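Spelled out from the first residue to the last, the chains are:
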Amino acid sequence: MPSAQPARSRFMSWFLESNQPEPEGFYEPERVAEQQHHTQPWWKVMCLTGVDYFSTLGYQPGIAALAAGALSPVATLVLVLVTLFGALPMYRRVAQESPHGDGSLSMLERLLNYWPSKVLVLALIGFVATGFVITITLSAADATAHLVENPLLRTALEGHEVPITLGLIALLAAVFLKGFKEAVGIAVGIVVLYLTLSLVVVGHGVLEVAANPALLSNWWSALGSAYASPLATFGAALLVFPALALGLSGFETGVVVMPLVKGDPGDTPQQPAGRIRNTRTLLTTAALIMSVMLIGSALVTTLLIPRHEFWGVTSVTRTLNGADLRAGRAMIDVPLDSTTRPREVYSLTVPAGRTGTYTVQADTVGGLVPITVSVLGNTADRTVPVTVTTPAGAANGRALAFLAHSRFGETFGTLYDVATILILWFAGASAMAGLLNIVPRYLPRYGMAPDWARATRPLVILFTLISAMVTILFQASVDAQAGAYATGVLALMTSAAIAVFLTELRRGHRGPAAAFAVVSAIFIYTSAVTVTERPEGLWIALTFILGILVISVASRISRSTELRVQRVILDDTARRMLEDVVARGLPVRFIANRLNEGDDVEYRQKALDVRLDNHLTPGEAALFLEVAIVDASDFTSTVSVTGVRVGSHAILRATGSAVANTLAAVLLHVRDVTGVPPHVYFEWSEKGPAQNALRFLLAGEGDVPPLTHEILRVAERDAARRPMVHVGG
C-alpha cells in the first residue's frame, strides 16, 4: 500500500470532508442511501425534484406572456404536448437505462468510449453547470422580485435587487456548508403549500373567466384577426415555443434522485425493477400536474392581467436635435417590454422645451404606462441627450402572485409570496445539490479535477462565487436570464433525446428509434432557435466548457504520477508463479516487456538482453511483467493480473489504464504480499521526450522506466520500502 498522507488540520478535515453523513443533503450514492435507509416513497421524492420543476410557475407565465403575448396559452399548449409526448417518454426510458442516479449523461458515456466519451461528457457538464447555476441565480432573482414587489416591503427593498439576490445565494451556501439535512421532508411541505395556493389562484382565475365568457371570446377573436386560421395560430405558437422551453426543467433531476426512490423488496442492483417503476410514476405524475398548472396559469394570466403589467423595466438614451426639442418635433421610439429585444414599441413625442426629469403618461397598446423622461442638457444646444425609462410591470416575473394580491388581498397575497419565495429558494438548493452530484461523479473519476472536488464544501464555495458573478452580470434580472436558463435545459434534454434514440437504434427497435428521432429533432430545433435568439446562454456554457477543459487538462497532467489503481487482483496461475519465484529466494525480480509476437523467441531474446545489460546471473529467477492498456482515457482502474506460460517462461500479464501506473501498482502489491520490495528491469525508450510525454497522457504509454520510478517515489515515501527500478542498455 502507498505510504500515509500527512495529517490535515481540523479545519481542512472538516472543509474537505467527502463522506459526511448528510441524508438527502445532496443526492446520495445508491449504496449509501440504502444502507442508511434514506429511500422514500416516490411521491415524496417527487417533491424533492419538484421544487425545481414546480417552482417555474413563479416566473413561467410572465416569461410566456412577454415572449408570446396573446399567443401565450397556445404556445404553452405546445409546451405541454412536447412535455407529455416528448420529454416524458424520453426520461421514462432514461430511468430504465440509468437507474442508479447517473442520469442521461451516463447513457451517452456508454455509447462512446475512449477520449471521445470523456470530451463529450465534459462538454455536456458545461451545459449542465449552465442550467444549474442559472437555476440558482434566476430562482434567487425571482424570489427577490416577489420580496420587492410585496406591498409591505416595496418601499424598503426597491432598488436593492442585486444585494438581496446575493444575500439569498449566500444563505443557500451557508446551509450547504453547515450540512443540508432532511431535504425530502422540507420539500414535501413546501411543494404541498405552494401547489395548494397556486391551485387556489388558478382555480379562482378559471372561475372568473367562466363567469365572464367575453374575456375568452374577445381573446380568441383577437387571435383570429391576427392569424388567418387556427392552423396559422398554432404555427405561430410553434415559432415562439422555444422561448418557453425553461418550463421543461426538472426531468433530469428526476432521474438523478433515483437512488432515493424506494423500490420493491426483490429489487437487485442489476435489476431494480421496483425503483424503475416508481420513478416512472414519479415522472408521469409530476408532468401531469405541471401540464395542468401551466395551461391554467397561462390562460388566466393572459386573460386577467393587463399587458403592460408583464413588461420589464426598459431604458434607452438617444441624442436629439435641440431645435426639434424646442419645437416639440423630437420623437423617441421607446421599447416597452424589453430594452434589448422589444416586441412592443411606443413612439413618444418629447414635450416642447421641457428640461430636467419628468414623467408622462403614455397610452400604449398595453394600457397607460408612466414614462420617465430625462433631458440631460440645455435645449438651446445643437444636440441634447435624452434618456427615457419605463418601470417594470407589477406582474413582471410574478404573474400568479399579482393575481393572488389583486384577487385575494394583501394577506393571502403575502402568504403566496412567502410560499413562492420558499420554493424558489429551495429550487436553488435542488440545483446546488445537482451540481454537487454531477461534478464528483465524473470529473474526479476522470482524473480531471483535483481530488478535493469529491468534497462538498469546496464545491459549494466555487459554485456560490460563480453564481454571484452571474447575478451581478445579469443585474438580478429574471427576464435577462431566461435565455441562458433555457439553453442549459435544452442542451441537456437534447443530449438525452439523442442518447435514447441511439440506444434504441443500436438495439434494432425501429419504431421507438423513429419516434425518438422526431423528439431529438424537436429539441435540436428548439435549441438552435434559442441559441440564435438568446446567445448569452451559449456563451456562458462555452465559458464553463472552456474552464472545465482547462482545469481538466491541468488536473490530469498534475495527477498523472498518482498511483491511479484501486486494487490489484492476481488469478490463481499468477499467484502460483509468484509463490514459485519466492520459494527460490527474495527479492522477486521482474523483466518488463512490451508484448509483440508473444512467442518463445521474443521472451528468450528479451531475457538475454536484460540480463546482459543489468548483470543478472542465470541463477536469479525473474518473471516477465507485461501491461495491456484497456482504456487510456480512464484515470483509475482495477488491475487484473493473469499468469501465462510460453515455453519455459513465466509471464504476468496485467491490464490497466496506463503502463507505468499499472507496473507500479503490481510492484507495490508484490511488496505487500512478500514483505520485500521487488526489482524491475527495463530498457531505455528510443523516442523523444516530448513524444513520450504526449504518449503517456493520451495513450498511457511513454517513457515507462522513469515514470514508474516517479510514481513509486510519490506513492511510497520510504525509500527502504520502495520497489527498485533498474534501466539498462
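Residues numbered from 1 in each chain as written. Predicted model: local features only at pLDDT ≥ 70, side-chain atom pairs only at ≥ 80, totals over all residues. Heavy atoms only, no water.

Looking at where T662 falls in the secondary structure, it is placed in helix α24 (residues 659-674). Excluding residues that lie within four positions of it along the chain, T662 makes contacts with V627, V639, A654, T655, G656 and S657. (Helix = DSSP H or I, 4+ residues; strand = E, 2+ residues; numbered from the N terminus. Contact = heavy atoms within 4.5 Å.)

Overall, the predicted model of the chain reaches an average pLDDT of 83, with 91% of residues at or above 70. Across residues 19-29, confidence stays below pLDDT 50; counting only partners more than four residues off in sequence or on other chains, it has 39 contacts. Within the model, the stretch residues 32-37 combines pLDDT values under 50 with eight contacts to residues more than four positions away or in other chains. (pLDDT = per-residue confidence, 0-100.)

Among the surface-exposed residues, L77, L81, F85, F234, L238 and I295 lie close enough to one another that they form a single nonpolar patch of about 500 Å² accessible area. Only α5 (72-97) and α12 (230-240) provide two or more residues apiece to the nonpolar patch. Broken down by element, the residue count for the nonpolar patch peaks at three residues, all from α5. Residue position: F85 is located in helix α5. (Patch = residues over 30% accessible without salt bridge, like charges linked within 9 Å, V, L, I, M, F, W, Y side chains within 5 Å. Areas by Shrake-Rupley, 256 points an atom, 1.4 Å probe, with all protein chains shown as cover. Salt bridge = Lys/Arg side-chain N within 4 Å of Asp/Glu carboxyl O.)

Of the two faces of strand β8 (residues 589-592), the one lined by R589 and I591 and the one lined by F590 and A592 are each fully buried. Inspection of the sheet shows β8 paired to strand β12 (residues 679-683) by three bridges, in the parallel sense. Residue pairing for β12: R589 is matched across the bridge by H679. Taken together, β8, helix α23 (residues 600-614) and strand β9 (residues 623-629) form a β-α-β motif whose crossover is right-handed. (Buried < 20%, exposed > 50% of the residue type's maximum accessible area, 1.4 Å probe, protein only. Pairing = 2+ DSSP bridges. Right-handed = clockwise from strand over helix to strand, strands pointing away.)

At a closest axis distance of 8 Å, the pairing of helix α19 (residues 478-506) and helix α20 (residues 510-533) adopts a crossing angle of 160 degrees. It follows from the interaxial angle that α19 and α20 lie roughly antiparallel. Crossing handedness for the pair α19 and α20: left-handed. Split by residue class, the contact of α19 with α20 holds 17 nonpolar, seven polar and one charged. (Axes fitted to C-alpha atoms, helices over the stretch in contact; angles between N-to-C directions. Parallel < 35°, antiparallel > 145°, perpendicular 65-115°, else oblique. Left-handed = near helix turned anticlockwise from the far one by under 90°. Nonpolar A, V, L, I, M, F, W, Y, C, P; charged D, E, K, R; others polar.)

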